[in-house]
Amino acid sequence: MKRILLTLSALCLGSGLAAGGLHFGILQSTDATVRDLRKQILATESPVPTPETEGCGNLYLGSVPSGFAMNGIFIAWDPTTSHFVATFAANEVEIVDGSGNYVSSFGGTGTGNGQLNTPAGVAVDGSGDIYVCDSGNNRIQVFSSAGGYKFQFSENSSDAPLEDPQGIALDVSGNAYVSDYIGQIWVFDKSGNFLRSFGSGGSGNGNLSEPEGLRLDGSGNIYVADYGNNRVEEFTNSGTYVNQFGSAGSGTGQLSGPTDLDVLSTGDIYVADYENNRIEGFTNAGAYLTQFGVVGAAPGQFSGPSSLVMGPGGDFYVCDSGNYRVQVMSASGSYIKQYGNGGNGNGQFEVPTGVAIGGNGNIYVADGQNQRVQILNPGGAYVGQFTTAGFSEPAGVAVGVSSNVYVADSGKELVDIFTSAGTFVTSFGSAGSGPGQFSEPLGVATDSVGNVYVADALNYRVQVFDSGGTFKFQFGTQGSGPGKFNIPDDIAVAANGNIYVSDAGNSRVEIFNSAGTFISQFGSLGSGPGQFNGTSGIALGANGDVYVGDNDNGRVEVFNSAGVFQRESGSFGVGPGQFEEGRSYFAISGNGPLYASDATNNRVDEFCP
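Residues numbered from 1 in each chain as written. Predicted model: local features only at pLDDT ≥ 70, side-chain atom pairs only at ≥ 80, totals over all residues. Heavy atoms only, no water.

1. Things to note about the overall build of the chain
Consideration 1: From N to C terminus, the chain includes 1 helix and 52 strands.
Consideration 2: A total of 609 residues make up the chain; the buried ones form 59% of that total.
Consideration 3: Within the chain, residue pairs in contact and separated by at least 24 positions form 46% of the contacts whose partners lie at least 6 positions apart.
Consideration 4: For the chain, the accessible surface area stands at approximately 20,400 Å², while carbon and sulfur atoms represent 46% of it. (Helix = DSSP H or I, 4+ residues; strand = E, 2+ residues; numbered from the N terminus. Buried < 20%, exposed > 50% of the residue type's maximum accessible area, 1.4 Å probe, protein only. Contact = heavy atoms within 4.5 Å. Areas by Shrake-Rupley, 256 points an atom, 1.4 Å probe, with all protein chains shown as cover.)

Next up, the structure:
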């Protein structure tokens, strides 16, 4: 058993309004098998559709790798288009060309036709159709080479139905061989009709334990990565057991959690040895040949290689899931190049949780997991950063009339003040429930006279301070009645002094005057127009329009200043204009674009308001 920390991250959004939920700066820590933990990884940055070249909505700030997304799960080669196809834990399938340049993607979270729930194995047939193991939905879905949904198949009539399919391989007749979690191999014809199954759970010859990737050789024999038994097993086309190789361990020829394999034209077999962080090569009889890779993040090193395929040029493409990249290795195991990168360099983000815009147009981003605030110019280029206050969990950020920057640090229960250049000035607040104390400060806002407003989430109130951090007054108590709060998460102040508070737990927005007196509210629990399922982030446009992140409905809703619904954007998914959960804060630059801190995608998006 291993204890692994997984950051909650997610999706790349196209040019639509980004929204998200209440999962900022959170780590999951749990005891489980490595295989189960791999299935929890929600992926990170996905390739971004090519932005528009004119107008707003064309800026993507932060670490945006070309080509493959991070945390690829399985990868396949499409000889009809010379493209690679990979599945990702963000419930999408992505297509890139042989140089790693993004081509297209499809999928999205859900149970409908063409939607996915934890896609795993992927294979491409001779006509270019793409077969995807939709493991969480217990089915196989088939798409055209362009990503259009065609049909799906499963097997539910037997006493042991197809459950959690993991790997898939196709023979020359188009038959599909599918491995599932319970230890069986299922065979379907090219139309998805069930033909037969073989194998059963266990550790004996011909038994399987959580099998994952599988491939066929030139003779039609089937090789299966038997994850739970730390071996590779070979079967005939009809399912008769032939041979096995590998045993539990880290020595030469041993395996620890093999997740995928590829059979070369020579008959040699290369195995992704996941927990040993390496690739091992064997003859078709199972004799050890070679290995490459060690644990690490440097070029040629691996952290959980989950899948591999040999491209037409004879190079291996390896999904290095723990390092958020795909590495290209020569046939001899030498590093060539990679697609994707990490998120703690200049201009890169790890769970950004707040964003604000200064008077000069500079963009200030609370980079939560990297415990810093970064400064970007209006074009998105890195300018600088400040960390001198020793952040714990920076959340909301705002710029005051004097250009000072205010950062709510929910981990340290205080607000830090910096100059616009990032020089630390002072901080105010401490843990507690008294005046000027905080319990999970989240959103922060300023007004035209220098007042600072803090959403004190778990004290269920808004506190107001002067520009130096001296407490002035507070309003709100816990509850669901008018003027009460259940986790207020963000604040926006209008030109007339009215205060708009997104009240996440009550799924509404409340409006107060400048003295904190309740005026009105809008929104209710639901999924219809003007309803919310957990608010997340709020901003005001120059014309008074109110932009509200609707967390669990996967959208942004727009209202006029009185709270009358105007329009919405978004749906759950991974494509352009689709959203997933993950806290967002908004900032609007005058009449210009809206910036959204995209916590689950580790970047800041710019959109036309």
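The rest of the description comes next.
2. What about the nonpolar core?
Consideration 1: Tyr131, Cys133, Ile140, Phe153, Ile168 and Val178 are the most contacted members of the largest nonpolar core, which has 14 residues in total.
Consideration 2: Only strand S8 (119-124), strand S9 (130-134), strand S10 (139-143), strand S12 (165-170), strand S13 (176-180) and strand S14 (185-188) provide two or more residues apiece to this core. (Core = buried A, V, L, I, M, F, W, Y, C linked by side-chain atoms within 4.5 Å.)

3. Section: the pairing of strand S49 (residues 565-569)
Consideration 1: By the bridge criterion, 4 bridges tie strand S48 (residues 555-559) to S49 in an arrangement that is antiparallel. Each residue of the ladder has a partner; that of Phe559, found in S49, is Phe565.
Consideration 2: Connecting S48 to the antiparallel partner S49 that follows it, the hairpin turn spans 5 residues, and Gly563 within it adopts a positive phi of roughly 90 degrees. (Pairing = 2+ DSSP bridges.)

4. So, the environment of Val449
Consideration 1: Assignment of secondary structure puts Val449 in the loop between strand S38 (441-446) and strand S39 (452-456).
Consideration 2: Under the relative-accessibility criterion, Val449 is labelled exposed at 64%.
Consideration 3: Remark: the alpha-carbon pair of Val449 and Val401, spanning 48 residues in sequence, is separated by 7.1 Å.

5. Section: the side chain of Asp226
Consideration 1: Summarising the element assignment, Asp226 is placed in strand S19 (residues 222-226).
Consideration 2: Asp226 gets classed as buried once you look at its relative accessible area, which sits at 0%.

6. Some words on the sheet that holds strand S21 (residues 241-245)
Consideration 1: As summarised here, the arrangement of the 4 strands in space is S18-S19-S20-S21, forming an open sheet in which the pairing is antiparallel. The open sheet has two edge strands, strand S18 (211-216) and S21, and neither has a second partner. Pairwise comparison of adjacent strand axes, ignoring direction, gives a mean angle of 20 degrees for this sheet.
Consideration 2: With 5 bridges joining them, S19 and strand S20 (residues 231-235) adopt antiparallel strand pairing. If you follow Ala225 over to S20, its bridge partner there is Val232. (Axes fitted to C-alpha atoms, helices over the stretch in contact; angles between N-to-C directions.)

7. A few points about unusual backbone geometry
Consideration 1: Unlike most non-glycine residues, Ile487 shows phi in positive territory, near 65 degrees.
Consideration 2: Within the element layout of this structure, Ile487 appears in the loop between strand S41 (471-475) and strand S42 (488-493).
Consideration 3: Unlike most non-glycine residues, Ser507 shows phi in positive territory, near 50 degrees.
Consideration 4: Considering the arrangement of structural elements, one finds Ser507 in the loop between strand S43 (499-503) and strand S44 (508-512).
Consideration 5: Owing to a relative accessible area of 4%, Ser507 belongs among the buried residues under this scheme.

8. Quick look at the packing of aromatic side chains
Consideration 1: Counted according to the given criterion, the structure contains 25 aromatic pairs.
Consideration 2: Aromatic pair Phe418 and Phe424: ring centres 5.7 Å apart, planes at 70 degrees, arrangement edge-to-face.
Consideration 3: Take Phe418: its relative accessible area is 0%, and that puts it in the buried class.
Consideration 4: According to the relative accessible area criterion, Phe424 is partly exposed, its value standing at 34%. (Phe/Tyr/Trp six-rings, centres within 6.5 Å; stacked < 30°, edge-to-face > 60°.)

9. Examining the sheet that holds S48
Whenever strands of a sheet pair, they do so through backbone hydrogen bonds, lying parallel or antiparallel.
Consideration 1: Overall, antiparallel pairing links the 4 strands, which are arranged S46-S47-S48-S49 in an open sheet. With partners counted over all chains shown, the strands left at the sheet margins are strand S46 (535-540) and S49, one partner each. In this sheet, adjacent strand axes meet at a mean angle of 20 degrees when their direction is disregarded.
Consideration 2: Direction of pairing for strand S47 (residues 546-550) relative to S48: antiparallel, over a ladder of 5 bridges. Note that in S48 the partner of Val546 across the bridge is Phe559.

10. A look at the side chain of Asn276
Consideration 1: Inspection of the secondary structure assignment puts Asn276 in the loop between strand S23 (269-273) and strand S24 (278-282).
Consideration 2: Of the residues examined, Asn276 reaches a relative accessible area of 18% and is grouped as buried.
Consideration 3: Reaching out from Asn276, the side chain makes a polar contact with the side chain of Asp273 at a distance of 2.8 Å.
Consideration 4: For Asn276, the residues in contact, after removing those within four places along its chain, are Gly249, Ser250, Gln254, Leu255 and Ser256. (Polar contact = N/O pair within 3.5 Å; in protein donor to acceptor, adjacent residues only side chain to side chain.)

11. Regarding the pattern of salt bridges
Consideration 1: Taken as a whole and assessed by the stated rule, the structure comprises 14 salt bridges.
Consideration 2: One salt bridge connects Arg555 with Asp550, and the closest N-O pair in it is separated by 2.6 Å. Of the two residues examined, Arg555 and Asp550, each falls in the buried class.
Consideration 3: Overlapping salt bridges bring together Asp550, Arg555, Glu557 and Glu568 as one network. (Salt bridge = Lys/Arg side-chain N within 4 Å of Asp/Glu carboxyl O.)

12. Overview of the pairing of S44
Looking along a regular strand, one sees side chains alternate from face to face of the sheet.
Consideration 1: In terms of burial, S44 is largely enclosed, as 5 of its 5 residues are buried.
Consideration 2: Here S44 shows two buried faces, one formed by Arg508, Glu510 and Phe512 and the other by Val509 and Ile511.
Consideration 3: In this sheet, S44 lies alongside S43 in antiparallel orientation, the contact comprising 5 bridges. Looking at the pairing, Ser502 lines up with Val509 of S44.
Consideration 4: Between S43 and S44, which follow one another and run antiparallel, lie 4 residues, and Ser507 among them has a positive phi close to 50 degrees.

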